[in-house]
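# Coordinate analysis (summary)
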Amino acid sequence: MNFDKINLFQLPSPCYVIDCDILKNNLKILKTNCDLLEIKPLISIKGFPLALLFQDMAPYINGLSAASLFEAQLAKCMGKEIHIHAPAYRPDEIENVLKLCDHVSFNSLSQWQQYQSILFKGHVNSSIGLRINPEYSEINVDKYDPCMPHSRFGVTIENLLHQDVTGIEGFHLHTMYDNNAETFLRMIDILIDKFGTFLPNLSWINLGGGQRLADIDFPQNPLKKRLSTLTKNFALDVYVEPCEAIVTECGYLVSTVLDIVNNHRQTAILDTSAICHMPDVLDMPYQPDIEFPVTNDCGNYIYTIAGISCLAGDIIGEYRFNSPLHVGDKIVFSEMGAYTFAKENYFNGINHPSILLYDRAHGLRIAKCFGYRDYELQYL
């Protein structure tokens, strides 16, 4: 998206901008790759809960993946399959979860057993699954690794062996995070090696997210053969949830420089915040690229870019610019499509950025704005 040709001063600041053309192109590539591999893509609401675009996304995916009752309720507006998996389900919510969702995965044998009386009442239409833990992943950051030692996610093969799992129709697992096809191949091999004796009795398997299936050069041939073991040999419906690779690069965050503070280094304070609006910058951590003004991180003017909250660590990163920054300048961050507005919060009473949609046919349009009333309703 070329922000040099957009009058940024006409936009509300801060604001998220979703490039719907990029999103649609990514979805087309996803569908092409998944059709060739004979697998069924879902989008995880936890990464991209922008329901106002669900209908536009519907032609390219099989449905949505939820991790809570609220997410499942939001998924209804798409009118397609709803899958859910959560570390635990509340007793006061489980019946609604089962009514709403087509596929319900339990995180543990004990949770599945706890709700047997409800499951066997005879009116549950959900296909019931169990989350498994293959005790293998190639994720380098522990807080994002669901298969790290002593993980609370899923049932290991040691705990599953010799268990009567009659009534379980599917398995769910998640071991990848923005990984390539080689990692995907190794994950499938380990799955079959460890849990292969259970697969003939299942009807579906959900391989979670983290795959680069929206890449136009994603290598299909090696994976197609390996996946056919699941789709053909075991006759399984195979689902995937590659959310982040689909939506990250279609999102931007437009912000304004409010002040320049000089304390042995130059710090530009923005009207946005890492902790409020892009918390993964602090959680991962990572430093997003700046789309405007183009920096290439090689200019002579060095600034620490910081947020507006009172958290001392509300720092987005250090950047080099080709010219000095001034109060009122615009800064646009890229890679803001996933886990941004999904995780934003009202810390310090800082308002949420507006949400704008863009496509070449219609240009920019404001989809949603926030104000004091939205903040007030959270606490009154």
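Residues numbered from 1 in each chain as written. Predicted model: local features only at pLDDT ≥ 70, side-chain atom pairs only at ≥ 80, totals over all residues. Heavy atoms only, no water.

Core analysis: the biggest nonpolar cluster contains 103 residues, and Phe171, Leu207, Ile305 and Phe333 have the highest contact counts within it. Sort the elements by how many residues they give to this core and helix H8 (residues 181-195) lands first, with 7 residues. If near-sequence neighbours (up to four positions away) are discounted, leucine 207 is found in contact with Leu173, Phe184, Met187, Leu191, Leu227, Leu230, Val238, Tyr239 and Val240. In this structure, Phe3, Tyr252, Val254 and Val332 belong to the second largest nonpolar core, which totals 11 residues. (Core = buried A, V, L, I, M, F, W, Y, C linked by side-chain atoms within 4.5 Å. Buried < 20%, exposed > 50% of the residue type's maximum accessible area, 1.4 Å probe, protein only. Helix = DSSP H or I, 4+ residues; strand = E, 2+ residues; numbered from the N terminus. Contact = heavy atoms within 4.5 Å.)

This part covers helix H9 (residues 221-233). Spanning 13 residues, H9 covers 17 Å between terminal C-alpha atoms, matching the ideal 18 Å at 1.5 Å per step. Remark: the principal bend of H9, roughly 35 degrees, maps to leucine 227. Turning to H9, its buried residues number three or more, namely Leu223, Leu227, Leu230 and Thr231. Against the buried residues of H9 lie helix H1 (20-37), H8 and strand E9 (237-240). (Expected span 1.5 Å × (residues − 1). Bend = angle between axes of the 7 residues up to and from the residue.)

As a further point, take the packing of H8 against H9. Between H8 and H9, whose axes approach to 10 Å, the crossing angle comes to 20 degrees. Considering the angle they form, H8 stands roughly parallel to H9. Of the two possible hands of crossing, H8 and H9 adopt the one that is left-handed. Mapping the contact onto sequence places Ala181, Phe184, Leu185, Ile188, Asp189, Leu191 and Ile192 in H8 and Pro222, Leu223, Arg226, Leu227, Thr229 and Leu230 in H9. Split by residue class, the contact of H8 with H9 holds 10 nonpolar, 1 polar and 2 charged. (Axes fitted to C-alpha atoms, helices over the stretch in contact; angles between N-to-C directions. Parallel < 35°, antiparallel > 145°, perpendicular 65-115°, else oblique. Left-handed = near helix turned anticlockwise from the far one by under 90°. Nonpolar A, V, L, I, M, F, W, Y, C, P; charged D, E, K, R; others polar.)

Side-chain alternation along strand E15 (residues 330-333) places Lys330 and Val332 on one buried face and Ile331 and Phe333 on a second face that is also buried. Where strand E10 (residues 251-262) meets E15, 4 bridges bridge the pair, whose relative direction is antiparallel. Bridge pairing links serine 255 to isoleucine 331 in E15. The pairing of strand E12 (residues 290-292) with E15 spans 2 bridges and is antiparallel. Within E15, the position partnered with isoleucine 290 by the bridge is phenylalanine 333. (Pairing = 2+ DSSP bridges.)

As a further point, take the side chain of glutamate 71. Counting through the fold element by element, glutamate 71 comes out in helix H3 (residues 69-75). No salt bridge is formed by the buried glutamate 71; its nearest oppositely charged neighbour, lysine 46, is found at 7.5 Å. With near-sequence residues (within four places) excluded, glutamate 71 lies in contact with Ile45, Lys46, Ser65 and Ala66. (Lys, Arg positive; Asp, Glu negative; His and termini not counted. Salt bridge = Lys/Arg side-chain N within 4 Å of Asp/Glu carboxyl O.)

Once that is clear, we can look at H1. Helix length check: H1, at 18 residues, gives a terminal C-alpha distance of 25 Å against a target of 26 Å (1.5 Å per residue), a fit within 8%. Taken together, the buried positions of H1 are Cys20, Leu23, Asn26, Leu27, Ile29, Leu30, Asn33, Cys34 and Leu37. Its side-chain oxygen placed 3.0 Å from the backbone nitrogen of aspartate 21, aspartate 19 serves as the N-cap of H1. Just past H1, the residue glutamate 38 takes up positive phi, approximately 60 degrees. (Polar contact = N/O pair within 3.5 Å; in protein donor to acceptor, adjacent residues only side chain to side chain.)

Let us now look at the environment of alanine 342. Within the secondary structure, alanine 342 is located in the loop between E15 and strand E16 (354-359). Classification of alanine 342 by relative accessible area gives partly exposed; the value is 29%. Sequence spacing of alanine 342 and histidine 277 is 65 residues, and the spatial spacing of their C-alpha atoms is 9.0 Å. When sequence neighbours within four positions are dropped, the list of residues in contact with alanine 342 reads Lys46, Gly47 and Pro49.

Taking strand neighbours around the barrel as the criterion, the 8 strands line up as E2-E3-E4-E5-E6-E7-E8-E9 in a closed arrangement whose pairing is parallel. Neighbour-to-neighbour, the strand axes of this sheet turn through a mean angle of 25 degrees, independent of strand direction. With 3 bridges connecting them, strand E2 (residues 40-44) and strand E3 (residues 63-66) associate as parallel partners. Bridging from a neighbouring strand, isoleucine 43 pairs with leucine 64 of E3.

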